[in-house]
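# Understanding the architecture of this molecule
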Amino acid sequence: MFQLWKLVLLCGLLAGTSASLLDIRGNDVLRKLKSGLERGLDTFDSTLETIFQNLKTELESRCSEEVVEETQETENLLEQLISRIFQVVYSLTGVRISNVQVADITFEANSDHSANVKIPITADVTVNLPLLGEIVNLDLKVDLQTTVSIETDTDTETSDSKVVVGECTNSPESISLTVLHSRFGLLNNVVDIGVNLARRVVSSVVQDELCPRFRELLESLDAECVKKLINWFRDLTESLYHLPLGRLVLPPSSRSDN
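Residues numbered from 1 in each chain as written. Predicted model: local features only at pLDDT ≥ 70, side-chain atom pairs only at ≥ 80, totals over all residues. Heavy atoms only, no water.

## Some thoughts on the environment of Ile 85
Residue placement: Ile 85 occurs in helix H3 (residues 73–93). Since its relative accessible area comes to 0%, Ile 85 is described here as buried. Each C-alpha atom, one on Ile 85 and one on Asp 45, is 8.4 Å from the other, the two residues being 40 residues apart in sequence. Leave out the neighbours within four places in its chain, and Ile 85 touches Leu 41, Leu 48, Val 205, Glu 209, Leu 210 and Arg 213. (Helix = DSSP H or I, 4+ residues; strand = E, 2+ residues; numbered from the N terminus. Buried < 20%, exposed > 50% of the residue type's maximum accessible area, 1.4 Å probe, protein only. Contact = heavy atoms within 4.5 Å.)

Spelled out as structure tokens, the structure:
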């Protein structure tokens, strides 16, 4: 008869071994991810740059018209771009981030020449452990936030206007991970290590890939385009919601999972 103390000992050894393996894997994962980010993820997937350029073109086209039209194409292209980025991350790390959705884009005007921009992202995350396979499934929510403003360039004789983009927020508060399922009722320390690994992977990708692309996207727009977008969002919101300052939340459309 298998004695209880042996079962307890076996479970303890398994938990300790799993935690140690996950610690080792986590360090390897982060080193490989850092190397990939430094090299540039578009070297692993050339379509990233194509989608990014399409996104720039789409935003610019909205400014080319006399009247800015509401469209879901921006969100669609953002989802495509972020999904492809996380597919590369999966190939590098084994941490799967899928079903990416840009729920809405919030563009909140502070004045005629500045606005807070927020892109909320949701996704599913799966962390794998050598020998045990998938150990935890997570719900991810992360907000990309920054500011954009129009300022006069005093360094030029003509005092041209320029687009100024603030820092992109990447704080622990901006990344939320909720455990949906853990395999075999694994002990909390193993699950916690898996959640921490997922958080560090997401944080690195946000800091070194998503935020720089977000910033580049806004900086690629000329001052008149940004001013037109700020005024359009503000005027539309005031007419719909009678708010003193412009705040637009573009609702998500019915789109298939990535």
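## Overview of the confidence of the model for the chain
In the predicted model, the chain carries a mean pLDDT of 78, and 72% of its residues have values of at least 70. The low-confidence segment residues 242–258 (pLDDT under 50) makes 53 contacts with residues lying over four places distant or belonging to another chain. (pLDDT = per-residue confidence, 0-100.)

## Side note on the pattern of salt bridges
What the rule picks out here adds up to eight salt bridges. Ionic pairing is found between Asp 28 and Arg 31, a salt bridge with its closest N-O pair at 2.3 Å. Of this pair, Asp 28 and Arg 31 both sit in helix H1 (residues 4–39), three residues apart, which is roughly one turn of the helix. Accessibility expressed as a relative area gives 40% for Asp 28, which makes it partly exposed. The closest approach of N and O atoms between Glu 219 and Arg 215, which form a salt bridge, is 3.1 Å. Within this pair, Glu 219 and its partner Arg 215 are both found in helix H4 (residues 188–219), separated by four residues, close to a single helical turn. (Salt bridge = Lys/Arg side-chain N within 4 Å of Asp/Glu carboxyl O.)

## Digging into empty space enclosed by the protein
Counted by the stated rule, this structure contains two cavities of 30 Å³ or more. Roughly 170 Å³ of internal volume is contained in the largest cavity. Lining the largest cavity are 14 residues, and of these Leu 59, Thr 74, Ile 105, Phe 107 and Val 117 lie nearest its centre. Those elements that place two or more of their residues in the lining of the largest cavity are helix H2 (47–64), H3, strand S3 (114–129), H4 and helix H5 (223–241). The greatest single-element share of the lining of the largest cavity, amounting to three residues, is contributed by H4. (1 Å grid on protein atoms, 1.4 Å probe; cavity = no way out; pocket = protein on both sides within 12 Å on 5 of 7 lines; lining within 4 Å. Points joined across faces, edges and corners; volume = space filled by probe spheres on them.)

## With respect to H4
With 32 residues, H4 should reach 46 Å at 1.5 Å per residue; the first-to-last C-alpha distance of 44 Å fits that figure. At Val 206, H4 shows its strongest bend, of approximately 45°. (Expected span 1.5 Å × (residues − 1). Bend = angle between axes of the 7 residues up to and from the residue.)

## Looking at the nonpolar core
Core analysis: the biggest nonpolar cluster contains 69 residues, and Val 125, Leu 140, Leu 144, Val 201 and Leu 210 have the highest contact counts within it. Looking at which element gives the most residues to this core, the answer is H4, with 14 residues. Those residues within four positions of Leu 144 in sequence are excluded, and the remaining contacts are Val 117, Lys 118, Ile 119, Ile 121, Cys 168, Val 206, Leu 210, Cys 211 and Phe 214. (Core = buried A, V, L, I, M, F, W, Y, C linked by side-chain atoms within 4.5 Å.)

## A look at the side chain of Arg 213
Along the polypeptide, Arg 213 turns up in helix H4. Among the residues examined, Arg 213 registers a relative accessible area of 10% and is labelled buried. Separated by 2.6 Å, the side chains of Arg 213 and Glu 209 make a polar contact. For Arg 213, the contacting residues outside a window of four places in its chain are Asp 42, Leu 48, Glu 49, Phe 52, Leu 81 and Ile 85. (Polar contact = N/O pair within 3.5 Å; in protein donor to acceptor, adjacent residues only side chain to side chain.)

## Focus on the state of the cysteines
Going through the model one piece at a time under the given rule, you end up with one disulfide. Residue Cys 168 pairs covalently with Cys 211 via a disulfide, S to S 2.1 Å. On the S-S bond that ties Cys 168 to Cys 211, the torsion sits near -60°, and the link is left-handed. Of the two residues, Cys 168 sits in the loop between strand S5 (161–165) and strand S6 (175–182) while Cys 211 sits in helix H4, which places them 43 residues apart along the sequence. Across the pair, exposure class does not vary: Cys 168 and Cys 211 are buried alike. (Disulfide = S-S within 2.5 Å.)

## Considerations on the environment of Ile 150
With respect to the helices, strands and loops of the structure, Ile 150 is situated in strand S4 (residues 133–152). The sequence separation of Ile 150 and Ser 114 amounts to 36 residues, and the corresponding C-alpha distance is 6.4 Å.

## Comments concerning the pairing of S4
Where S4 meets S6, seven bridges bridge the pair, whose relative direction is antiparallel. Within S6, the residue paired with Leu 140 across the bridge is Leu 177. Pairing of S4 with S5 involves five bridges; the strand directions are antiparallel. Its bridge partner being in S5, Glu 151 is matched across the sheet by Lys 162. (Pairing = 2+ DSSP bridges.)

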